[in-house]
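Chain by chain, the residues run as shown.
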Amino acid sequence: MRCGFCLPACPTFRETGLEPESPRGRIALMKAVADGVMDPDQAFADQMNHCLGCRACEPACPADVKYGQLIEQARDAIEDHADHGLPVAGIRKLFFKGVFPHRGRLKWMGKGLALYQKSGLRHVVRGSGLMRLLPKAMREMEQILPEASGQGVVERIGTFYPAKGAKIARVALFRGCIMDVLFAETNVNTVKLLSEAGFEVVIPTAQVCCGALHAHSGEMDQARELARANLKAFEEAGVEYVVSNAGGCGALLVEYDHLLHEDAEYRELAAKFAARVVDVSQLLVARGRIPAFDEAAASGSEPVTITYQDSCHLRNVMKSSNAPRQLMKQVANATFTEMHEADRCCGSAGIYNVTQPEMAGQILDHKMVHANRTGARYLLTSNPGCLLQMKLGVLKHGDPEAMEVKHVVDFLYERMADRSDP
Ligand code: SF4
Ligand code: SF4
């Protein structure tokens, strides 16, 4: 089928109006390469890399084409023959192999970043003009990075947190890699929210990065290695659910069964694991005792307006768009306003905003027109990448004093009427 129903859903096609920038066009290019009609040259690689991987084309497709799997295979094949040159190849190796898979090194990275942010070094570097040596996208990112920390969720609250009241289920938190360095507080708040809703939470310490950044960047073997390590770590935890609070991570975790479908040893375990993965909002709505979110009303704060930017992977892969909205609508003194095209990608897409800054910036510009129209005091998201991208959008096109960008979990936790320990 080449019906084209996916075209209007595709952000890059909407921005350019060009067929090769659409899902149908990219699939045609992949087929041409697979059939030997076209060389997998740089132009082909560029076209594949322009794709955000947002997967908005999948729910739009009547033939259920698994575009996400196609683009990952295409990128993996491109990477097998890629010649990045020394600096890029070195950076890829450093992060994909040397940092993301290793918890200890991530902690040191968090400590280093925290030192940079808190010691005044940041002001010296900014004042010295050294930042001008970095590409614009990196300079912008540096401005909106949250306070980093070497203290992740386990260092803050341990590996076990009991349920408040009667236990509904035992669950495990997937803490993420970057998430636990830049958003450790959100991980803590996720655990406390789950506990308040009746879930006993464990945090397996042997867990590693989910592998999403690797899979989306053509490093499939490395992604599979990480998946195997996670399967072992969570199997030993004996839990009913594996809970994610980052759409990007959750979307790969629910597809571990596909990622390892050719691995005879791990195939079955991967399918069992994938079936247990949920986003925190999905679990709270489906099985939790939803806490009272009326702290703002109790403390007499001003009523606020809130809006939500969907995480593409939470919406298009984990199929969850209602659960976060359902929770937000239960907060007292907060009026939920739907943002026009909240379901469209914000341009973050993993590291897309760094590797493809022009298209990412264009998409973000349009997103911010809609965000500003909501007049919301809080713009909420369910994924760290979207959160940073929307923060950048507010900095560039809005007013950071008037609109704060937050993770849904943090917003809910702050408004939980009872935040006492179990
Ligand atoms: S994943 Fe997103 S950007 Fe890529 S083709 Fe599909 S809709 Fe377009
Ligand atoms: S990917 Fe699906 S929606 Fe897009 S052209 Fe092919 S069949 Fe149609």
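Residues numbered from 1 in each chain as written. Chains lettered and ligands numbered in written order. Predicted model: local features only at pLDDT ≥ 70, side-chain atom pairs only at ≥ 80, totals over all residues. Heavy atoms only, no water.

Comments concerning the site of ligand 1
Taken together, 13 residues lie near ligand 1, and C10, C51, C54, R55 and C57 sit nearest. Elements represented by at least two residues in the shell around ligand 1 include exactly α1 (11-16) and α2 (23-34). Per-class residue counts for the shell around ligand 1 are nine nonpolar, two polar and two charged. (Near = heavy atom within 4 Å. Helix = DSSP H or I, 4+ residues; strand = E, 2+ residues; numbered from the N terminus. Nonpolar A, V, L, I, M, F, W, Y, C, P; charged D, E, K, R; others polar.)

A word on unusual backbone geometry
Here D64, not a glycine, exhibits a phi torsion of approximately 55°, which is positive. Within the secondary structure, D64 sits in the loop between α4 (57-60) and α5 (67-80).

A few points about the nonpolar core
Within the largest apolar cluster, 100 residues are counted, with the highest numbers of intra-cluster contacts made by L194, Y256 and I306. Here this core gets seven residues from one element, more than from any other, and that element is helix α14 (residues 220-235). Membership of the second largest hydrophobic core comes to 16 residues, among which are C10, L29, C57 and I71. (Core = buried A, V, L, I, M, F, W, Y, C linked by side-chain atoms within 4.5 Å. Buried < 20%, exposed > 50% of the residue type's maximum accessible area, 1.4 Å probe, protein only.)

What about the site of ligand 2?
With respect to spatial proximity, the complete set of residues near ligand 2 consists of M1, R2, C3, G4, F5, C6, R24, I27, C61, P62, A63 and V65. For the shell around ligand 2, a count of residues per class yields nine nonpolar, one polar and two charged.

Some thoughts on the pattern of salt bridges
Pairing of side chains with opposite charge becomes possible as their charged atoms draw close. In the structure shown here, the tally under the stated rule is 31 salt bridges. As a salt-bridge pair, D35 and K31 come within 2.7 Å of each other at their nearest N and O atoms. Judged by its relative accessible area of 48%, D35 is partly exposed. A relative accessible area of 53% places K31 in the exposed class. The closest approach of N and O atoms between D221 and R224, which form a salt bridge, is 3.1 Å. Taken together, the residues span about one helical turn, with D221 and R224 both in helix α14 at a distance of three residues. The exposure class of D221 is exposed, given its relative accessible area of 57%. One salt-bridge network, held together by shared partners, links R377, E404, K406, E414 and R415. (Salt bridge = Lys/Arg side-chain N within 4 Å of Asp/Glu carboxyl O.)

Here's the deal with the domain arrangement of the protein
A common way to express how large an interface is: the accessible area buried when the components associate. Annotation of the protein at the domain level lists domain 1 (7-80) and domain 2 (295-414). If you average the C-alpha positions of domain 1 and of domain 2, the two centres end up 27 Å apart. With 16 residues of domain 1 in contact, the opposing surface of domain 2 contributes 15 residues. When the buried surface of domain 1 facing domain 2 is broken down by residue, R14, E15 and L52 rank first, second and third, together holding 43% of it. Here domain 1 is connected to domain 2 by one salt bridge. As a salt-bridge pair, R14 and E341 come within 2.8 Å of each other at their nearest N and O atoms. Applying the counting criterion to the domain 1 and domain 2 interface returns seven residue pairs in polar contact (both at pLDDT 80 or more). Taken together, the elements giving at least two residues each to the side of domain 1 that touches domain 2 come down to α1 and α3 (42-50). In terms of residue count, the dominant contributor to the side of domain 1 that touches domain 2 is α1 (five residues). A per-class count over the side of domain 1 that touches domain 2 returns eight nonpolar, five polar and three charged. (Domains from an automatic or database assignment. Contact = heavy atoms within 4.5 Å. Buried area = accessible area lost by both parts, 1.4 Å probe. Polar contact = N/O pair within 3.5 Å; in protein donor to acceptor, adjacent residues only side chain to side chain.)

Side note on the sheet that holds strand β8 (residues 378-381)
The strand order across the open sheet built from four strands is β7-β6-β8-β9, with neighbouring strands paired in parallel fashion. Each edge of the open sheet is held by one strand with a lone partner, namely β7 (334-336) and β9 (404-407). Strand-to-strand twist across the sheet, computed as the mean angle between neighbouring axes with direction ignored, equals 35°. Examined bridge by bridge, strand β6 (residues 304-308) and β8 share three bridges and lie parallel to one another. Counted as the bridge partner of I306 is Y378 from β8. Strand contacts of helix α24 (residues 384-397): β8 and β9, with the helix running at about 175° to β9, the strand carrying the most contacts. (Pairing = 2+ DSSP bridges. Axes fitted to C-alpha atoms, helices over the stretch in contact; angles between N-to-C directions.)

A few points about the sheet that holds strand β5 (residues 277-279)
Pairing is mixed across the open sheet formed by five strands, whose spatial order is β1-β3-β2-β4-β5. Of all strands in the sheet, those bounded by a partner on one side alone are β1 (160-161) and β5. Two elements, strand β2 (residues 169-173) and strand β3 (residues 199-202), share four bridges in a ladder whose sense is parallel. Bridge pairing in β3 links A169 to F199. Across the sheet, helix α18 (residues 280-287) lies against β2, β3, β4 (241-244) and β5, angled at about 90° from β5, the strand it touches most.

A word on α2
Helix length check: α2, at twelve residues, gives a terminal C-alpha distance of 16 Å against a target of 16 Å (1.5 Å per residue), a fit within 8%. Every buried residue of α2 is listed here: P23, G25, R26, L29, M30, A32 and V33. Of the surrounding secondary structure, the elements contacted by the buried residues of α2 are α1, α3, α4 and α5. Among the residues trailing α2, G36 stands out with phi positive, at a value near 80°. (Expected span 1.5 Å × (residues − 1).)

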